[in-house]
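# An overview of the molecular structure
Spelled out from the first residue to the last, the chains are:
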Amino acid sequence: MAPILASACGLLFATELAAQENGGGAANGRNAYWYMGNYSNEVLVWDEASEEVVDRIPVKRAISLRLTLSDDRSRLYVLDPFFETVEIIALPSKESVGEFTLSEGSTRTWIRSFQVHPSLEWAAILVQSRTKLADRYQIDEPTILRFDLTSYEVTDTIPWPGEELRQNANFRFSPDGDLLYMFSDDLVAVDSETFEEVDRWAISEPFETGLGAMTLPFGESPYQEEEGVYTGLFRVMDPVQNRRLMGFATVDLAEQQVEFHPIGPSERVSFALSPDGTKGYGLRSEIGHYEMWKFDLAGRRVADRITFEGRPRMALMPSADGERLYIYNAGSTIDVYDEETFELLRTVTLDADMTSVVVVPDPG
């Protein structure tokens, strides 16, 4: 594997961060559809162009708590509010094609993490079971399973890397499906057939002598065009000044490469990538104080930040054409802002409160 890219500059560090060229830009003519879980027996389909609900997908259980999209965007997986049952929706037909649960009898099984193989034939699932006995509940240890999505059967148990059992773990598959990445203190790659560890990236360790551990961005974005590459904010401790810093980072899982550039003291701000990959947007949320940020990734700087009338729980997503910013979740409203000026344009009101949103852009 190639080494991590990092170069020292005085007490801090800096590297060149090339803006991604995704073949789009502001007013690029693209559109996107939002699939919204909510407190009803439907998944709402919201069209960015018309700003209207254009379809409703019936689901078998009320409250679609969490929505997960397959890598090829052909399947939507809907988790129920008890973390026990997953219903599978075929896109774009929007039809339910199956469901599964691992609960049986007096044993209830929570589904904590869920990642579908690119073939759509199986999934890696982190589960934990509890069994109701006469006088108590028996809580089993967290287990990673290989679950067949054609027969709806558990076909194997995936060992914990290094036999280090954990309460939580997230998974990603490599684009070709040959590797299963497990995110814990380190990033561990295992063979997706044998589940043997083939590589380990010590992302919890400092990248350079004198630096603290870095928190890398592995958040998924509908506009992250290159598979296995993630762009976002990183945070690191500067042990000399005894303060946390933040900046931009692009992480390539396959090559184990990181390009990063610090921009200043760390603040509790989120990150969402623009459709053309040249900008980022974020929210800082404290009770009574809400800020909207714009990041210039090419210029490696904070381009703008304003205070605005936010809400205690909220998320931000840029529009597919790059002209608007949407503030949503929780509740039944979507506030529409101008991307350039941060001006509030209007508020869209839905007939249900959102629980989870998956954004699917049209091919561009």
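Placed above this text is the structure.
## Some remarks on the packing of aromatic side chains
- This structure, assessed with the given rule, holds 18 aromatic pairs.
- Their ring planes at 70 degrees and their centres at 5.8 Å tell us that F218 and Y230 sit as a pair that is edge-to-face. With F218 in the loop between β19 (214–215) and β20 (229–238) and Y230 in strand β20, the pair connects residues that are 12 residues apart, well separated along the chain.
- You can call Y230 buried: its relative accessible area is 9%.
- Between F271 and F295, the ring centres sit 5.9 Å apart and the planes meet at 35 degrees, which makes this aromatic pair tilted. With F271 in the loop between β22 (257–265) and β23 (272–273) and F295 in strand β25 (residues 289–296), this pair connects stretches of sequence that are 24 residues apart.
- Overall, F271 belongs to the partly exposed group, its relative accessible area being 24%.
- Linked through ring pairs, Y77, F100, F114, F147 and Y152 together constitute an aromatic cluster.
- Against the face of W122 rests R146, its NZ or CZ located 4.4 Å from the ring centre.
- Sitting over the ring of F342, K294 keeps its end group 5.3 Å from the ring centre.

## Structural notes on the sheet that holds strand β8 (residues 85–90)
- Spatially, the four strands line up as an open sheet ordered β6-β7-β8-β9, and their pairing is antiparallel. Both outer strands of the open sheet, β6 (66–69) and β9 (95–101), are each paired with one neighbouring strand and no more. Going across the sheet, the axis of each strand differs from the next one's by a mean of 25 degrees, ignoring polarity.

## Remarks on the pattern of salt bridges
- The full count for this structure, using the stated rule, is 21 salt bridges.
- A salt bridge links R56 to E42; the shortest N-O distance between them is 3.3 Å. One end of the pair, R56, is in strand β5 (residues 52–58); the other, E42, is in strand β4 (residues 42–47), and 14 residues separate them in sequence.
- Ionic pairing is found between R200 and E197, a salt bridge with its closest N-O pair at 3.0 Å.
- Judged by its relative accessible area of 39%, E197 is partly exposed.
- Several salt bridges converge on common partners, so that one network encompasses E267, R284, E286, E291 and R305.

Rules of the game
- Residues numbered from 1 in each chain as written.
- Predicted model: local features only at pLDDT ≥ 70, side-chain atom pairs only at ≥ 80, totals over all residues.
- Heavy atoms only, no water.
- Phe/Tyr/Trp six-rings, centres within 6.5 Å; stacked < 30°, edge-to-face > 60°.
- Helix = DSSP H or I, 4+ residues; strand = E, 2+ residues; numbered from the N terminus.
- Buried < 20%, exposed > 50% of the residue type's maximum accessible area, 1.4 Å probe, protein only.
- Lys NZ or Arg CZ within 6 Å of the ring centre and 35° of its normal.
- Pairing = 2+ DSSP bridges.
- Axes fitted to C-alpha atoms, helices over the stretch in contact; angles between N-to-C directions.
- Salt bridge = Lys/Arg side-chain N within 4 Å of Asp/Glu carboxyl O.

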